[in-house]
Amino acid sequence: MKRAGLLLLAVAPVATVAVYLLGGDPDSDAAAGQNGPGTQRPYDKDKSAAEIKADDKLIASLPAGLAAPAKKELAQKLVTSAENSTLNWRGQYGYIEDIGDGNGYTAGIIGFCTGTHDLLTLVERYTKDHPDNGLARYLPALRKVDGSDSHEGLDPGFTKAWKAEATKPAFQKAQNRTRDRVYFDPAVRLAKLDGLGTLGQFIYYDAMVLHGPGTGPRGFYGLREAALNEANTPAQGGKEKAYLDIFLDIRTQAMKEKKAHRDTSRVETAQRQFLYDGNFALKTPLTWKVYGETFKVP
């Protein structure tokens, strides 16, 4: 999420597959979000247990790629440069603000939102392990405002409680786990199954963060499906550069359809730059621009 006080040019992931399963419009923004507990990932929902086991075996045989600790750290810096205009992603655990994008409060390291279910899921899971935490008393209100931009029952104390809880290592770990479960791990897994290297894995991850893991045309899985209609992945015999170029084209088209996304520099002067440079391994040093600001990782 591009934070208020800077430029409001990105939105957090939206809603959940639970909305889809309960009869919501799968193509709407409200239905483009992450998998709820117990739901299958969209890309393997039609696979048998044997097929999923074979996928697991294949992935285990591949290089770590973006999942290698140093590359994962780099990935989070790249995302946070676009979401927060900083490389200090660990400084964002306590961030919370309503930036006026219709998703209620946006908070934490990946832009969890009170209106898009992922923040509710985070607090519910955290409360299960830490029932006396400072956010537990807001769970009834969080359930009530889920799917809306309402602050009912949250003001005036919720933001203060979030910031206080975010100083605790246990809540920081909970944010990390939710980020990985909902966004990072599914994106990297699917990118590897598509035959993509470290750069391609990051491109999928950043798209998952910004667009949300939804199956509608503006969700990550919808964007990938559109790309597959135009090009083969490397796993299908296609060229990696050509496929990723098309995926980024489709992604930027989707971004331009929403006012909050119309600055596409996180793609054009970062990810596409790496692609055209042939940096498929995301080797450092890296220099890129987001919203006109230059970032460097030595």
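Quick notes on the rules
- Residues numbered from 1 in each chain as written.
- Predicted model: local features only at pLDDT ≥ 70, side-chain atom pairs only at ≥ 80, totals over all residues.
- Heavy atoms only, no water.
- Helix = DSSP H or I, 4+ residues; strand = E, 2+ residues; numbered from the N terminus.
- Buried < 20%, exposed > 50% of the residue type's maximum accessible area, 1.4 Å probe, protein only.
- Contact = heavy atoms within 4.5 Å.
- Areas by Shrake-Rupley, 256 points an atom, 1.4 Å probe, with all protein chains shown as cover.
- Phe/Tyr/Trp six-rings, centres within 6.5 Å; stacked < 30°, edge-to-face > 60°.
- Salt bridge = Lys/Arg side-chain N within 4 Å of Asp/Glu carboxyl O.
- Pairing = 2+ DSSP bridges.
- Axes fitted to C-alpha atoms, helices over the stretch in contact; angles between N-to-C directions.
- Parallel < 35°, antiparallel > 145°, perpendicular 65-115°, else oblique.
- Left-handed = near helix turned anticlockwise from the far one by under 90°.
- Nonpolar A, V, L, I, M, F, W, Y, C, P; charged D, E, K, R; others polar.

Caption draft 1: Representation of the overall build of the protein chain in the model. Within the protein chain one finds 11 helices and five strands. Buried positions account for 53% of the 298 residues belonging to the protein chain. Taking as baseline every contact in the protein chain between residues at least 6 positions apart, the subset at least 24 positions apart corresponds to 61%. Here the protein chain has roughly 12,700 Å² of accessible surface; of this, 52% comes from carbon and sulfur atoms.

Caption draft 2: Structural detail: the packing of aromatic side chains. For the structure on display, the rule yields 13 aromatic pairs. Ring centres 6.0 Å apart and planes at 20° place the aromatic pair Trp288 and Phe295 in the stacked group. Looking at Trp288, the relative accessible area reads 1%, which means it is buried. According to the relative accessible area criterion, Phe295 is buried, its value standing at 6%. In this structure an aromatic cluster arises from ring pairing among Tyr105, Tyr126, Tyr138, Phe158, Trp162 and Phe171.

Caption draft 3: A look at helix 11 (residues 265-276). Buried within helix 11 we find Ser265, Arg266, Val267, Ala270, Gln271, Arg272, Phe274 and Leu275. Residues of helix 11 that are buried in the fold lie against helix 3 (69-84), helix 8 (198-211), helix 10 (240-256) and strand 4 (286-290). Directly beyond the C-terminal end of helix 11, a positive phi value near 75° is found at Gly278.

Caption draft 4: Spotlight on the side chain of Thr127. Looking at where Thr127 falls in the secondary structure, it is placed in helix 4 (residues 118-129). Setting aside its immediate chain neighbours within four residues, Thr127 contacts Asn133, Ala136 and Leu139.

Caption draft 5: Local environment of the pattern of salt bridges. The full count for this structure, using the stated rule, is 15 salt bridges. As a salt-bridge pair, Arg189 and Asp56 come within 2.6 Å of each other at their nearest N and O atoms. Of this pair, Arg189 sits in helix 7 (residues 169-193) while Asp56 sits in helix 2 (residues 49-61), placing them 133 residues apart in sequence. A salt bridge links Asp180 to Lys72, with the nearest nitrogen and oxygen atoms 2.9 Å apart. Placement of Asp180 in helix 7 and of Lys72 in helix 3 is noted, with a sequence separation of 108 residues between them.

Caption draft 6: Geometry of unusual backbone geometry. Of note, the bond from Asp155 into Pro156 is cis; its omega dihedral lies within 30 degrees of zero at 5°. The step from Thr284 to Pro285 runs through a cis peptide bond, and the omega angle for that step is 5°. As for its position among the elements, Pro285 is in the loop between helix 11 and strand 4. Residues other than glycine seldom take positive phi values, yet Ser85 does so here, at roughly 55°. As for its position among the elements, Ser85 is in the loop between helix 3 and strand 1 (96-97). For Tyr291, which is not glycine, the phi torsion reads 55° and is therefore positive. Position of Tyr291 among the secondary structure elements: in the loop between strand 4 and strand 5 (293-297). By relative accessible area, Tyr291 is classed as buried at 13%.

Caption draft 7: The arrangement of the sheet that holds strand 3 (residues 112-113) in detail. With respect to topology, three strands assemble into an open sheet ordered 1-2-3, the strand pairing being antiparallel. At either end of the open sheet lies a strand with only one pairing partner, and these are strand 1 and strand 3.

Caption draft 8: The pairing of strand 5, seen in detail. Relative to strand 5, strand 4 runs antiparallel, the two sharing five bridges. If you follow Thr287 over to strand 5, its bridge partner there is Lys296. Counting the residues between successive antiparallel strands, the hairpin from strand 4 to strand 5 contains two residues, one of them, Tyr291, with a positive phi of roughly 55°.

Caption draft 9: Region of interest: the packing of helix 4 against helix 7. One can describe the packing of helix 4 onto helix 7 by two numbers: an axis separation of 10 Å at closest approach and a directional angle of 130°. Here helix 4 lies oblique to helix 7, going by the angle between them. Judged by the sense of rotation from one axis to the other, the crossing of helix 4 with helix 7 is right-handed. For the pair helix 4 and helix 7, the contacting residues are Asp118, Thr121, Leu122, Arg125, Tyr126 and Asp129 in the first and Ala170, Phe171, Ala174, Gln175, Arg177, Thr178, Arg181 and Tyr183 in the second.

Caption draft 10: Molecular detail of the packing of helix 9 (residues 220-228) against helix 10. Between helix 9 and helix 10, the least distance of the axes is 9 Å, while the angle of their chain directions is 130°. With respect to each other, helix 9 and helix 10 are oriented oblique. The hand of the helix 9/helix 10 crossing is right-handed. Of helix 10, the residues touching helix 9 (which contributes Phe220, Leu223, Arg224, Ala226, Ala227 and Leu228) are Tyr243, Ile246, Phe247, Ile250, Arg251 and Ala254. In terms of residue class, the contact of helix 9 with helix 10 is built from 10 nonpolar, no polar and two charged.

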